[in-house]
Amino acid sequence: MSNPLTLAHLYGSHMNVYGDRGNVIALKQRCAWRGITLTVIPVEPGADIDWARIDLAFFGGGQDSGQALIANDLLERQGPGLRAAIEDGLVLLAICGGYQLLGHYFLTHSGERLPGLGALDVHTIGGKQRLIGNIVVEAQLGGAPPIRLVGFENHSGRTYHGPGVRPLGRVLVGHGDNGEDGIGGAMYRNTFGCYLHGSLLPKNPQLTDHLISLALQRRYGPDATLAPLDMTLEQRAQRRMVERLGH
Ligand code: GLN
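Worth saying up front: this structure is predicted, and the values here are computed from it rather than measured.

Examining the layout of surface pockets
Part 1 of the argument: Volume-wise, the largest pocket comes out at about 310 Å³.
Part 2 of the argument: As for the largest pocket, its lining consists of 17 residues, and the residues nearest its centre are A144, Q206, D209, H210 and M231.
Part 3 of the argument: At four residues, the largest contribution of residues to the lining of the largest pocket is made by helix α5 (residues 205-220).
Part 4 of the argument: Classifying every residue of the lining of the largest pocket by side-chain character gives eleven nonpolar, four polar and two charged.
Part 5 of the argument: Here the second largest pocket is characterised by a volume of approximately 160 Å³.
Part 6 of the argument: As for the second largest pocket, its lining consists of 16 residues, and the residues nearest its centre are G62, Q63, C96, R130 and N154.
Part 7 of the argument: Every element with two or more residues in the lining of the second largest pocket is listed here: α2 (64-87), α3 (97-102) and β8 (147-161).
Part 8 of the argument: Looking at which element gives the most residues to the lining of the second largest pocket, the answer is β8, with four residues.
Part 9 of the argument: In terms of residue class, the lining of the second largest pocket is built from four nonpolar, ten polar and two charged.

Digging into the pattern of salt bridges
Part 1 of the argument: A full pass over the atoms with the stated rule returns eight salt bridges.
Part 2 of the argument: Of the charged contacts, one joins E87 and R189 as a salt bridge, the two residues approaching to 3.2 Å between their closest N and O atoms. With E87 in helix α2 and R189 in the loop between β10 (183-188) and β11 (191-194), this pair connects stretches of sequence that are 102 residues apart.
Part 3 of the argument: Residue classification places R189 among the partly exposed residues on the basis of a relative accessible area of 46%.
Part 4 of the argument: Here D88 and R218 are joined by a salt bridge, their closest N and O atoms 2.9 Å apart. Note that D88 is positioned in the loop between α2 and β4 (91-95) and R218 in helix α5, a separation of 130 residues in sequence.
Part 5 of the argument: Note on D88: relative accessible area 54%, which makes it exposed.

Comments concerning the pairing of β11
Part 1 of the argument: Burial of β11 is two-sided: the residues T191 and G193 facing one way and the residues F192 and C194 facing the other way are all buried.
Part 2 of the argument: Two elements, β4 and β11, share four bridges in a ladder whose sense is parallel. Considered in β11, the bridge of L93 is made with F192.
Part 3 of the argument: Two strands pair when backbone bridges link them, and β10 and β11 are joined in this way by three bridges, in the antiparallel orientation. Paired with A186 across the bridge in β11 is G193.

A few points about the environment of P167
Part 1 of the argument: Assignment of secondary structure puts P167 in strand β9 (residues 166-173).
Part 2 of the argument: Exposure remark for P167: the relative accessible area of 43% places this residue in the partly exposed category.
Part 3 of the argument: Each C-alpha atom, one on P167 and one on G185, is 5.7 Å from the other, the two residues being 18 residues apart in sequence.
Part 4 of the argument: Leave out the neighbours within four places in its chain, and P167 touches H161, I183, G185, A186 and M187.

Thoughts on the packing of aromatic side chains
Part 1 of the argument: Within this structure, the stated rule accounts for three aromatic pairs.
Part 2 of the argument: When the ring of Y11 is compared with that of F59, the centres are 5.9 Å apart and the planes differ by 50°; the resulting orientation is tilted. Here F59 lies in strand β3 (residues 56-59) and Y11 lies in the loop between β1 (5-10) and α1 (22-32), a separation of 48 residues in the sequence.
Part 3 of the argument: Assessed through its relative accessible area of 0%, Y11 is described here as buried.
Part 4 of the argument: Look at F59 and you get buried, because its relative accessible area is 0%.
Part 5 of the argument: Residues Y18 and F152 carry aromatic rings whose centres are separated by 5.3 Å and whose planes lie at 75° to one another, so their mutual orientation is edge-to-face. In this pair, Y18 sits in the loop between β1 and α1 while F152 sits in strand β8, placing the two residues 134 residues apart along the sequence.
Part 6 of the argument: The ring of Y105 has R113 sitting right over it, with the charged end atom 4.2 Å from the ring centre.

Each value, and the rule that gives it
Residues numbered from 1 in each chain as written. Predicted model: local features only at pLDDT ≥ 70, side-chain atom pairs only at ≥ 80, totals over all residues. Heavy atoms only, no water. 1 Å grid on protein atoms, 1.4 Å probe; cavity = no way out; pocket = protein on both sides within 12 Å on 5 of 7 lines; lining within 4 Å. Points joined across faces, edges and corners; volume = space filled by probe spheres on them. Helix = DSSP H or I, 4+ residues; strand = E, 2+ residues; numbered from the N terminus. Nonpolar A, V, L, I, M, F, W, Y, C, P; charged D, E, K, R; others polar. Salt bridge = Lys/Arg side-chain N within 4 Å of Asp/Glu carboxyl O. Buried < 20%, exposed > 50% of the residue type's maximum accessible area, 1.4 Å probe, protein only. Pairing = 2+ DSSP bridges. Contact = heavy atoms within 4.5 Å. Phe/Tyr/Trp six-rings, centres within 6.5 Å; stacked < 30°, edge-to-face > 60°. Lys NZ or Arg CZ within 6 Å of the ring centre and 35° of its normal.

Below you can see the structure in the form of structure tokens.
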């Protein structure tokens, strides 16, 4: 066993729709297959976290009501440490409701204004009609050739980008961040946010490995490269889904 990593799972008991927890399982398993121990620390309201010790973080989606329950704890309790860690290159994946709460605010369709962490330069406005269905986003991760991320989206929130974030990718199928500008997800430093449930990482192992690789290099330096691992089956399933959706 070498190069252990630690993952913080943000508010998993309130923010876990469509099995988003599967993302944590995928990270843990692709680490384990390489002899890397990934320790998972649950971050529930009131938790005391030393963010300097955390390599990876995951923040899943949730209903508006779940988001309202944890928004204050996120801001008040974890806010300063988490924001500093993001600036320092913490590797963080946030899906849907979690993604929205990393932005400046989420104005729900019922008119409630949930304050966000403000770590990502995005804001979200809830609409009457939900954006639901299969989604494919073409993304370029690091220097690798573009990949087609497959997933499922279901959100009322429309997320709009400011100049402080880069798009994660381009929507080929589905609605994406707001159904208007073809943007699918956001990136800032090593933080990634998008609307792809699925779970996302088991279906898209290239992204899983990209996240692990970023975390290893941040903790152990540029020589800490990730051993290659077969992903033939997952890629075949990914391709099949993209073809079924007409691409
Ligand atoms: N409650 C948010 C919305 O509807 C997020 C939904 C989700 O995480 N699936 O926009």
